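# Examination of the molecular architecture
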Amino acid sequence: MTDSDLIAAARQAAENSYSPYSRFAVGAALRFADGTVVTGTNIENASYGLALCAETVAVAKAMADGVRGGLEAVAVTGPGVEPITPCGRCRQVLNELAQLGGTNPVVLCTGENEVRRIRLSELLPHAFGPASLS
Ligand code: THU
C-alpha cells in the first residue's frame, strides 16, 4: 500500500467520524510491516472531554487484535486546508506501539493539498515509553 493509499484509507475512515460537537472529522490509518492497515476515526461524547481521537482509536483497534509492533507509517487526515498533526496524547499513544516494536514511524500529516511527512520521534522527542520503565 502506497502513502497515497494510506491517506485514502484515513479519509475513508473519517466518513464514520462521530463528531457532532466539534464537526471536525479526523481519520487515521496505521500501516504495519506485514502490510496490514488499521484505521480509526474520532468518536466524541456528550460529555465533551471524553472524546476519543482518530489515532487513539486506531491504535486501540490494532492492539486489541494483538498487534504489538511493526508500525511503519501513520496517515492522519482532517477537514481543514492545513495539514493536521496528532494531538499530544495521540503522540504518546502512538509512541507506545512504535516503541514496543522498535520502529520510528513516519506520520503523514495531511491537509487539503499538502502532506507533511514527520517522524514520530520529531513529533515527540525524548519520549517516555515502555523502554523507560526497564
Ligand atoms: N482529534 C483527533 O481525532 N485527532 C487529533 O490528533 C486532534 C483532534 C479530534 C478530537 C475531536 O473529536 C476533534 O478532533 C476536535 O478536536
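Residues numbered from 1 in each chain as written. Predicted model: local features only at pLDDT ≥ 70, side-chain atom pairs only at ≥ 80, totals over all residues. Heavy atoms only, no water.

Glancing now at the layout of surface pockets. Over the atoms rolls a probe the size of a water molecule, and in doing so it shows where empty space is left. By volume, the largest pocket is sized at about 220 Å³. Around the largest pocket, the lining is made up of 17 residues, and of these Phe24, Val26, Asn42, Glu44 and Cys53 lie nearest the centre. Per-class residue counts for the lining of the largest pocket are 11 nonpolar, four polar and two charged. (1 Å grid on protein atoms, 1.4 Å probe; cavity = no way out; pocket = protein on both sides within 12 Å on 5 of 7 lines; lining within 4 Å. Points joined across faces, edges and corners; volume = space filled by probe spheres on them. Nonpolar A, V, L, I, M, F, W, Y, C, P; charged D, E, K, R; others polar.)

Glancing now at the nonpolar core. Within the largest apolar cluster, 21 residues are counted, with the highest numbers of intra-cluster contacts made by Leu30, Phe32, Leu71, Val74, Val76, Leu94 and Val107. Where this core is concerned, the elements lending two or more residues are strand E1 (27-32), helix H2 (54-64), strand E3 (71-77), helix H3 (88-101), strand E4 (106-110) and helix H4 (120-123). Broken down by element, this core gets its largest block of residues, four residues, from H2. In this structure, Leu94 is in contact with Leu30, Glu55, Val59, Leu71, Val74, Pro86 and Leu120, ignoring residues within four places of it in sequence. Ranked by size, the runner-up nonpolar core spans nine residues in total, among them Leu6, Ala10, Ala73 and Ala75. (Core = buried A, V, L, I, M, F, W, Y, C linked by side-chain atoms within 4.5 Å. Buried < 20%, exposed > 50% of the residue type's maximum accessible area, 1.4 Å probe, protein only. Helix = DSSP H or I, 4+ residues; strand = E, 2+ residues; numbered from the N terminus. Contact = heavy atoms within 4.5 Å.)

With respect to the secondary-structure elements, Thr41 resides in strand E2 (residues 37-41). In this structure the side chain of Thr41 is engaged in a polar contact, spanning 3.5 Å, whose partner is the backbone nitrogen of Ser17. At a separation of 2.7 Å, a polar atom in the side chain of Thr41 contacts the main-chain carbonyl oxygen of Val26. (Polar contact = N/O pair within 3.5 Å; in protein donor to acceptor, adjacent residues only side chain to side chain.)

As for its placement among the helices and strands, Glu55 is situated in helix H2. Buried charge Glu55 goes without a salt bridge, the closest partner of opposite sign being Arg91 at 7.6 Å. With residues near it in sequence (within four places) discarded, Glu55 still touches Val26, Ala28, Val76, Pro86, Cys87, Cys90 and Leu94. (Lys, Arg positive; Asp, Glu negative; His and termini not counted. Salt bridge = Lys/Arg side-chain N within 4 Å of Asp/Glu carboxyl O.)

Let us now look at the pattern of salt bridges. Under the counting rule described, the total for this entry stands at four salt bridges. Asp3 is paired through a salt bridge with Arg117; the nearest N and O atoms lie 2.4 Å apart. You can see Asp3 sitting in helix H1 (residues 3-14) and its partner Arg117 sitting in strand E5 (residues 115-119), a full 114 residues away along the chain. Note on Asp3: relative accessible area 24%, which makes it partly exposed. The partner of Glu82 in a salt bridge is Arg116, with the nearest N and O atoms 3.8 Å apart. With a gap of 34 residues between them, Glu82 in the loop between E3 and H3 and Arg116 in strand E5 connect regions that are remote in the sequence. With a relative accessible area of 56%, Glu82 lands in the exposed category.

Looking at chain direction, E4 and E5 are connected through five bridges and run antiparallel. Opposite Val106, over in E5, you have Arg119 as the bridge partner. What sits between the antiparallel neighbours E4 and E5 is a turn of four residues. (Pairing = 2+ DSSP bridges.)

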